[in-house]
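# Structural overview for review
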Amino acid sequence: MFRRREPVPFAFLAEADRFRSNVTPPPPERSSWREIAGRWLLGLTIVAALVGSLVVGMPALSLDHSAQTQQSQASQDR
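Structural notes, computed from the coordinates. Here the structure is a predicted model, which means the values were calculated and not measured.

### Here we look at the overall build of the protein
A count of helices and strands for the protein gives 3 helices and 0 strands. Listing the helices and strands of the protein from first to last along the sequence gives α-α-α. Sorting the 78 residues of the protein into buried and exposed places 0% on the buried side. Split by element, the accessible area of the protein, about 8700 Å² in all, is 62% carbon and sulfur.

### Re a nonpolar patch on the surface
A contiguous nonpolar surface patch, about 360 Å² in accessible area, is contributed by Ile36, Trp40 and Leu44. Among the structural elements, isoleucine 36 can be located in helix α2 (residues 33-61).

### Some details on α2
Helix length check: α2 (29 residues) gives 41 Å between terminal C-alpha atoms against 42 Å at 1.5 Å per residue, within 8%. The sharpest bend along α2 comes to roughly 25°, located at valine 55, with the proline proline 59 sitting one to four residues further on.

Quick notes on the rules
Residues numbered from 1 in each chain as written. Predicted model: local features only at pLDDT ≥ 70, side-chain atom pairs only at ≥ 80, totals over all residues. Heavy atoms only, no water. Helix = DSSP H or I, 4+ residues; strand = E, 2+ residues; numbered from the N terminus. Buried < 20%, exposed > 50% of the residue type's maximum accessible area, 1.4 Å probe, protein only. Areas by Shrake-Rupley, 256 points an atom, 1.4 Å probe, with all protein chains shown as cover. Patch = residues over 30% accessible without salt bridge, like charges linked within 9 Å, V, L, I, M, F, W, Y side chains within 5 Å. Salt bridge = Lys/Arg side-chain N within 4 Å of Asp/Glu carboxyl O. Expected span 1.5 Å × (residues − 1). Bend = angle between axes of the 7 residues up to and from the residue.

The following block contains the structure:
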């Protein structure tokens, strides 16, 4: 019916946090000027897209009181 759970030794996980290697990793490669320029271009494109969407979307977010007067004028012309 009931299974008896055996304890599992996880001491190796605790020791893994304290383990320090004496081997240093190789230094990261320096980015070329093309990679840097590409990152800047990508960043500028994203910022320009966000600003453009804000500029295009602002008229839709503003309240337009002249739309009500235009509608009433259109109904009067009938």
